Amino acid sequence: MPVNAKAQETRPVLRIFISSTAVDLIDYREKVRDAVLRLEGLPIAMETFSASGQPASECMRMAAEADAVVCIVAHRYGYVPPPELGGDGKRSITWLEVDAARQAGKPVFAFLVDPQAPWTEVREQDRLTSEPPENALEIAQTVQYLKNFKEYIERRYSRRTFKNKDELAGLVTAAIANLVLQSHNLSISASRVWKPLFCHALQPAQHFRGRDAARQEIREWVQTSVTPDRVVSVVAAGGTGKTALVQQALSEAMQEGPHRNSAGLFVWSFYEDPYTEAFLREAYHYFTGEAGAPAGGMLERLQLALSGDNPHVLVLDGLELVQSEGDHQRGELRGKLNDPQLKRLLRALAGGVGSARALVTSRFPLVDLQAYSGAGHRALLLDDLEQAIAFSVLRAWKVNGDDFALERLLEPLNVNGYYHALSVAVLGSYLGNFAGGDPQRAPEFSLEDAQEFDPKARKLGRILEQYARVLAPAERDLLARLSLFPRGVKVEILASIVQAGGEAAGALIGLVERELAKYLERLKELGLVFRNLSDQRAVYSAHPFVREFFRNLLSASAESVHESVRARLAPSLEARPKTKPKDPLILDQYELLIEQTLLAGRMREAFDLYLDGLGGYKNLGWALGEHVRGVRILERFIPGDDFSRIKHHLPAAYQNQLINSLGLFAQDLGDLDRARAAFIHCRRLNTNLLAHKTWAIVTQNLAWVEFDAGRFPQSLTYSQRAVLLATEASFEGRSKYSHAYRAMAHFALGNIKASSVDFQSATEIIGESLYSFWGALEAECKLTRGDYAGALCQAEANRDYAHRNNINNDLFLLNALLARLFLRMGSPVEADEYLRAARVFATRSGDIELQLRCFQAACELESHVGDFPQAIAEAESGIFLADTCGFGKYSIDLRIALAEALLAAQSSTDDALKALQKARHALSRSEENDCQYAWGKADGLHFCGVAHLRLGERELARQRLTAALELRQRLGHGRIEETRKALALCGK
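Residues numbered from 1 in each chain as written. Predicted model: local features only at pLDDT ≥ 70, side-chain atom pairs only at ≥ 80, totals over all residues. Heavy atoms only, no water.

When its secondary structure is counted, the protein shows 43 helices and 17 strands. Out of the 988 residues in the protein, the part that is buried amounts to 57%. Taking as baseline every contact in the protein between residues at least 6 positions apart, the subset at least 24 positions apart corresponds to 70%. Carbon together with sulfur atoms contributes 49% to the accessible area of the protein, which is approximately 40700 Å² in total. (Helix = DSSP H or I, 4+ residues; strand = E, 2+ residues; numbered from the N terminus. Buried < 20%, exposed > 50% of the residue type's maximum accessible area, 1.4 Å probe, protein only. Contact = heavy atoms within 4.5 Å. Areas by Shrake-Rupley, 256 points an atom, 1.4 Å probe, with all protein chains shown as cover.)

Take a look at the structure:
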């Protein structure tokens, strides 16, 4: 089976830009998008890119760079970009896109609605009866502009008319198919030739036998074009043979014919690379054909590429590496996916984004897909081997004897008529290679083996004990050292252990790399080791059961072996560099050194490397946004968040720093439960004089966790406690921050006077304006209350401070805030620039709060420029992320933003009903006892009222808007005039 077969012989994928008015043609655009996908093209439609707002110049550029433009025109003229956004104030964005394609010499396929066809959407002339009389002149002018645009199209292009969505789809299909013929001299049926991409090799069984029904089921599922089971998970205990089964089924499917050339096959092993971002980046490149991953919206664009009729297959092996093992105390389900992006992708596939599907192996059930069981997801529970198959495996390893002899041989492994696959294979390998195939020379088992907590592992251990006795000393010692590296190891690392000599080298002393490689290949032939490629270098590893056994046979201490690796790495890296590292390659080296230093038993030294070498959270988090790396490093100090592991190895102050940093990284990545648990543990650690300072820090961190979660009364309780602790400890440095956190909690709860007092207290402690993150919080409050000048002054000053001090976390948070602020001040171009910069950092860092702030800013920006489908897509994507991660505040704020976008679209009664639903949800959640979000209540009431007014329910509108006006007045809401105007429309 090919490995790393990245070269793809393909015809170019046609990029088709879809240009039309937005609100009235949503369903039509969807039909055209599907038609383009069926012809193996890539549709470029603005509503699909929920991570980037596009000004007119960007839309024109994309139209000009596309292979062709499909223009759809009905009865609306559409958004007219002003000069400051790249337009001319007269031509619609659709007209500008068509003209840009014409100037670039690109074909334009124009489709106009039949004037006689039934039409239920809004027409320009309909606005004469639905809008105030003072708009009549503008409406008449727009109707004339629409007529001019249609005449422009008829003069320059051959155009076709359509009566409905299906007819339009047929016309587009014919046009694009002809373009394919002209451009590539291919038949309509020709499609992209896909080559499978195995990013990592799947570990095969040396002698695979049986599993006929499961193997055929998977093979047919891979080969079929349409299936209701869009996600299939192969679930079984370790050593059952999940990976080997999938590898065999894929191999057979690929050998049976070239049918898969019409669709992609992408294979990823989380055993080899457990980082979701790396998986998404490779999958994005493979399925889209685009060289570089975008700054934002990579997941959305990958889903778009998978949303056509092609039966693409993603194989995800070892998903348990990114699933939770469960924690009853924390209420965490076993099998819950830890990464929200991976969860969104699998749910999208299960829900049917197209004909693409995923095949997953895991030790845990996919609890995140429970809602799709029998309707998009099917679990294939894998049993151990049946007796006849176990016999076949033994004979493949050249074990002698009739069925009776083999039955006696396997009896100790018998569990209700089934046999553990890995145990059978290792037993066969041992007898076939070292016992002349004689069943009489099998290891002996005892009754106690069956009574162990894990009898399968114990019996496998008995076989491996016998195996270890017959291996050559060098083979045994090599396997023992290899077993210290769970993610696999390269030959050069093993060579560095040998070069250290002494007990670290053991029986390997004097061997060079070439000889080590020869021994490793021998172990591979015996089925004890497998090999894959990483960066074109061989990486050797073994099954976890095998690793665990041989690790216990290590003749030297594990610490001495890791010390030899540490000693080789350490001289190349500074322990306390004056300038903290930024280069990813240098960060990788520090990370490896920290890992080996930890494993060498030097926890204090490893922590010093994290703190002084890498710069701790200040560098990894604030400056670089390396949150995933930060969590990965700290998890090695406290695997499974078992904080007791560091209790006797680090002073209490260091423990606090480490666990608090873990909490900060976890919160940045959206795991509020984990962050909360880390901070709470820190509060229990100290009883010395420094305790109050420590408690002040972690208590204010807890206050912000609860603020993000939308639990504002609890946030206030924690922040009040943080203020007291900082005061008692005379901890001025933290007192100012605690006051700022308390100010935010008061603000959310509607205690405006108390909030102002706390912000003033924090400012007085500093002696000047609040800066960086805390200054951003105060500026955000000013924005909410309509003090745009004050907010701008403070935000820009704080942005300069963050830039000077290399605090990128705060810098890009301020960018997101400035995007909203410039938009309110009528400067969408500046808003777009700040938003784009914020999104680049948000995507790269994985910072969930920043991503949510960007979704909100993007929704507001798209609404402002009239691209309502895009605004709606932004808000819906943000809501999904906020709900998934439990960021309750943003779940409310984004539903408010979505309600406003739906109402601003003014497209249909259905949108007004949807807006009412979203506003009601925000209002209901804001009123709950553990939330009490005053601003959510005020905005929820306002948009409920506007929605009722749009639906003609004037009395309900009056009630809601009256309550909204009262609350907005009390809060000093910056948009109170909107409520007064809406209330005036209710009449008496």
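Having seen the structure, we can now continue with the description.
On to the pattern of salt bridges, then. On inspection of all chains with the given rule, the structure shows 51 salt bridges. In this structure, the salt-bridge partner of Arg522 is Glu475, at a minimum N-O distance of 3.7 Å. Of this pair, Arg522 sits in helix H20 (residues 513-525) while Glu475 is found in helix H17 (residues 473-482), placing the two residues 47 residues apart along the sequence. Glu475 gets classed as buried once you look at its relative accessible area, which sits at 8%. Among the charged side chains, a salt-bridge network with shared partners connects Asp588, Glu591, Glu595, Glu626, Arg629, Arg632 and Arg636. (Salt bridge = Lys/Arg side-chain N within 4 Å of Asp/Glu carboxyl O.)

Inspection of the secondary structure puts Ser719 in helix H30 (residues 712-728). Each residue touching Ser719, except ones within four places of it in the same chain, is listed here: Ala703, Ser738, Tyr741, Arg742 and Ala745.

Relative to the 27 Å expected for 19 residues at 1.5 Å per residue, helix H40 (residues 909-927) spans 27 Å between its end C-alpha atoms, a close match to the ideal helical length. Buried residues of H40: Asp911, Ala912, Ala915, Leu916, Ala919, Ala922, Leu923, Arg925 and Ser926, and no others. Where H40 is buried, its residues touch helix H39 (888-905), helix H41 (934-950) and helix H42 (954-971). (Expected span 1.5 Å × (residues − 1).)

The next subject is the packing of aromatic side chains. Applying the stated rule across the entire model yields 35 aromatic pairs. When the ring of Phe822 is compared with that of Tyr834, the centres are 5.5 Å apart and the planes differ by 5 degrees; the resulting orientation is stacked. Residue Phe822 is found in helix H35 (residues 808-824), and its partner Tyr834 is found in helix H36 (residues 828-845); the two are separated by 12 residues along the sequence. Neither Phe822 nor Tyr834 differs from the other in exposure class; each is buried. Site record: aromatic cluster; members linked through ring pairs are Trp704, Phe707, Phe712, Tyr737, Tyr741, Phe773, Trp774 and Tyr933. The ring centre of Trp221 lies 5.2 Å from the NZ or CZ of Arg357, which sits over that ring. (Phe/Tyr/Trp six-rings, centres within 6.5 Å; stacked < 30°, edge-to-face > 60°. Lys NZ or Arg CZ within 6 Å of the ring centre and 35° of its normal.)

For the rest of this paragraph, the subject is the environment of Phe279. Among the structural elements, Phe279 can be located in helix H9 (residues 276-288). Accessibility expressed as a relative area gives 0% for Phe279, which makes it buried. With sequence-adjacent residues up to four places away left out, Phe279 is seen in contact with Phe266, Trp268, Phe270, Leu314, Leu316, Leu342 and Leu345.

Looking at the secondary structure, you find Ser92 in the loop between strand E3 (68-73) and helix H3 (93-103). A residue is classified by how much of its surface remains accessible, and Ser92, at 0% relative accessible area, is buried. Once residues within four sequence positions are removed from consideration, Ser92 is found in contact with Tyr77, Gly78, Tyr79, Val80 and Pro81.

Moving on, we get to unusual backbone geometry. Positive phi outside glycine occurs at Lys398, with the angle close to 70 degrees. Assessed through its relative accessible area of 60%, Lys398 is described here as exposed. Look at Asn806: it is not a glycine, yet its phi comes out positive at around 60 degrees. Among the structural elements, Asn806 can be located in the loop between helix H34 (788-804) and H35.

As a further point, take the sheet that holds strand E12 (residues 385-386). A sheet is described by the order of its strands in space; here three strands give the open sequence E12-E14-E13, paired in antiparallel fashion. Two strands bound the open sheet, and with one partner strand each, they are E12 and strand E13 (414-415). Summarising the sheet, E12 and strand E14 (residues 418-419) pair through two bridges and their orientation is antiparallel. Within the sheet, the bridge partner assigned to Glu386 lies in E14 and is Tyr418. (Pairing = 2+ DSSP bridges.)

Moving on, we come to the pairing of strand E9 (residues 313-317). As a general feature of sheets, a regular strand has side chains that alternate between the two faces. A large share of E9 lies buried, amounting to five of its five residues. With burial as the criterion, each face of E9 is covered, one bearing Val313, Val315 and Asp317 and the other bearing Leu314 and Leu316. Strand direction decides the pairing type here: E9 and strand E10 (residues 357-362), joined by four bridges, are parallel. Each bridged residue has a counterpart across the sheet, and for Leu316 the counterpart in E10 is Val360.

Below, the discussion takes up the environment of Val232. Following the sequence through the fold, Val232 ends up in strand E7 (residues 231-235). You can call Val232 buried: its relative accessible area is 3%. Residues Val232 and Thr361, spaced 129 residues apart in sequence, show a C-alpha to C-alpha distance of 8.6 Å.

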